[in-house]
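Summary of structural features
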Amino acid sequence: MEERVPLSRFTTIGTGGPARWFARPETMDELAAALRWADEIGAAVETVGLGSNLLVHDDGVDALVLRLAGELA
């Protein structure tokens, strides 16, 4: 889990502020662990796809942002 990751690098137009938390789960177990963690602390969860239809506020996102990778992509 990373903190304050700039989401601008995940949008095709290159704009947007940071995610409060960011994870790239590659397996179902990693995804389940990230979701459990978010549930335990009461954090919202958002997902990032390929970024072509994504606009992120310059103030960022106060949530756990997931970018699915590996077998989940």
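The structure this text deals with has already been given above.
One structure accompanies this document, and this report is about it.

So, how was this worked out
- Residues numbered from 1 in each chain as written.
- Predicted model: local features only at pLDDT ≥ 70, side-chain atom pairs only at ≥ 80, totals over all residues.
- Heavy atoms only, no water.
- Pairing = 2+ DSSP bridges.
- Helix = DSSP H or I, 4+ residues; strand = E, 2+ residues; numbered from the N terminus.
- Axes fitted to C-alpha atoms, helices over the stretch in contact; angles between N-to-C directions.
- Patch = residues over 30% accessible without salt bridge, like charges linked within 9 Å, V, L, I, M, F, W, Y side chains within 5 Å.
- Areas by Shrake-Rupley, 256 points an atom, 1.4 Å probe, with all protein chains shown as cover.
- Salt bridge = Lys/Arg side-chain N within 4 Å of Asp/Glu carboxyl O.
- Lys, Arg positive; Asp, Glu negative; His and termini not counted.
- Charge placed at Lys NZ, Arg CZ, Asp CG, Glu CD.
- Buried < 20%, exposed > 50% of the residue type's maximum accessible area, 1.4 Å probe, protein only.
- Contact = heavy atoms within 4.5 Å.

**Concerning the sheet that holds strand β3 (residues 45-47)**
What the four strands build is an open sheet, ordered β1-β2-β4-β3; its pairing is mixed. The two strands at the open ends of the sheet, each matched to only one other strand, are β1 (2-6) and β3. Across this sheet, the average inter-strand angle for adjacent strands is 45°, counted without regard to direction. Direction of pairing for β3 relative to strand β4 (residues 61-66): parallel, over a ladder of three bridges. Its bridge partner being in β4, V45 is matched across the sheet by L64.

**Focus: a negative patch on the surface**
A cluster of like negative charges, contributed by E26, D29, E30 and E71, occupies part of the molecular surface. With respect to the helices, strands and loops of the structure, E30 is situated in helix α1 (residues 28-41).

**Quick notes on the pairing of β4**
Here four bridges tie strand β2 (residues 18-23) to β4, and the two strands are oriented parallel to one another. Counterpart to W21 in the pairing with β4 is L64.

**Concerning the pattern of salt bridges**
This structure, assessed with the given rule, holds two salt bridges. A salt bridge links R20 to D62; its shortest N-O distance comes to 3.0 Å. Here the residue R20 occupies a position in strand β2, and D62 occupies one in strand β4, the gap between them amounting to 42 residues. When its relative accessible area of 38% is taken as the criterion, R20 is described as partly exposed. Using a relative accessible area of 56% as the deciding quantity, one classes D62 as exposed.

**Here's the deal with the environment of A69**
For A69, the position within the fold is in the segment after β4. Residues A69 and L7, 62 residues apart in the sequence, show an inter-C-alpha distance of 16 Å. Beyond its immediate stretch of four places on either side in the chain, A69 contacts R24, P25 and E26.

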